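This is what each chain is made of:
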Amino acid sequence: MYQVIIGVDEDEKRAMACAEAVAALPGDASELAVTIVYSFTENPSGASATQVHSVREVEDYFEREGIESHIADTSGDPADRLLETASERDADLIVVAGRKRSPAGKALFGSVTQDVILNADRPVMVAGEQKLTED
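Note that the structure is a prediction, hence the values are computed from the model and not measured. (Residues numbered from 1 in each chain as written. Predicted model: local features only at pLDDT ≥ 70, side-chain atom pairs only at ≥ 80, totals over all residues. Heavy atoms only, no water.)

A. A look at the sheet that holds strand E3 (residues 68-75). One open sheet holds the five strands; their spatial order is E3-E2-E1-E4-E5, and the pairing between them is parallel. Where the open sheet ends on each side, the last strands, each with one partner, are E3 and strand E5 (124-127). When strand polarity is set aside, the average angle formed by the axes of neighbouring strands in this sheet is 25 degrees. In terms of strand pairing, strand E2 (residues 32-40) meets E3 through eight bridges, oriented parallel. When the bridges of E3 are listed, Val34 appears paired with Ser69. (Pairing = 2+ DSSP bridges. Helix = DSSP H or I, 4+ residues; strand = E, 2+ residues; numbered from the N terminus. Axes fitted to C-alpha atoms, helices over the stretch in contact; angles between N-to-C directions.)

Written out as C-alpha cells, the structure reads:
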C-alpha cells in the first residue's frame, strides 16, 4: 500500500484540491491508503474532525473513488501534527494545499505548507486551488 497523509483545514476548495491530487496519482486506487489529518488548534468542546464539513467532503470523495481512507483527529500545531502522523504511519507522501498570502501575512501568521515542506523527511506534494472558470 502507498501511504498518503493529507492535511485538511476548513476550506473545501483546498481540501478537495488535495483529494483530487491524491486520486490522480499513478496506479490503482486500491493501492492507496490515505489518512486525512485535521488538527484543532483549540478544541475546548471536544469536537471531532468528522464534524468538519471539508473533512467529510474529502472522506466521501475517497469513498466514491474507491480509495481507502480514515480520519486522524489531532490537536495542536497543524504542521507538527501532519509531520508526526506521517512519521507514525511511515507515509510515502504528504499532500498539503497552497494558498496565496502576502509576505506580511506569511510573516505574521506563518504557513503550515511552508513548515511541512521545510521540515518533512519524506516527499511533499502541494496541491493548488482549482480554477472555477477558464481564462
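B. Looking closely at the pairing of strand E4 (residues 93-97). The buried fraction of E4 is high, at five of five residues. In E4, alternate side chains face the same way, and those of Leu93, Val95 and Ala97 on one face and Ile94 and Val96 on the other are all buried. Bridge count for strand E1 (residues 2-7) against E4 is three bridges, and the pairing is parallel. Residue Ile5 lies in a different strand from E4, and its bridge partner there is Ile94. Pairing of E4 with E5 involves four bridges; the strand directions are parallel. Bridge assignment links Ile94 to a residue of E5, and that residue is Val124. (Buried < 20%, exposed > 50% of the residue type's maximum accessible area, 1.4 Å probe, protein only.)

C. How the structure looks around the nonpolar core. One finds Val4, Ile6, Val22, Val34, Ile36, Val58 and Phe62 to be the most contacted residues of the largest nonpolar core, which totals 28 residues. At the level of secondary structure, the elements contributing two or more residues to this core comprise E1, helix H1 (12-23), E2, helix H2 (53-65) and E4. With seven residues, H1 is the largest single contributor of residues to this core. Excluding its chain neighbours within four sequence positions, the residues that come into contact with Val4 are Val22, Leu25, Leu32, Ala33, Val34, Thr35, Leu93 and Val95. The next biggest cluster of nonpolar side chains, apart from the first, holds 11 residues, and it includes Ala72, Leu83, Ala86 and Val96. (Core = buried A, V, L, I, M, F, W, Y, C linked by side-chain atoms within 4.5 Å. Contact = heavy atoms within 4.5 Å.)

D. Quick peek at the packing of H1 against H2. Remark: H1 packs on H2, axes separated minimally by 9 Å, with the N-to-C direction vectors making an angle of 20 degrees. Between H1 and H2, the angle is such that the two are roughly parallel. H1 and H2 meet at a crossing whose hand is right-handed. In contact with Glu12, Ala15, Met16, Ala19, Glu20, Val22 and Ala23 of H1, H2 contributes His53, Ser54, Glu57, Val58, Tyr61 and Phe62. Of the residues contributing to the contact of H1 with H2, the split by class is eight nonpolar, two polar and three charged. (Parallel < 35°, antiparallel > 145°, perpendicular 65-115°, else oblique. Left-handed = near helix turned anticlockwise from the far one by under 90°. Nonpolar A, V, L, I, M, F, W, Y, C, P; charged D, E, K, R; others polar.)

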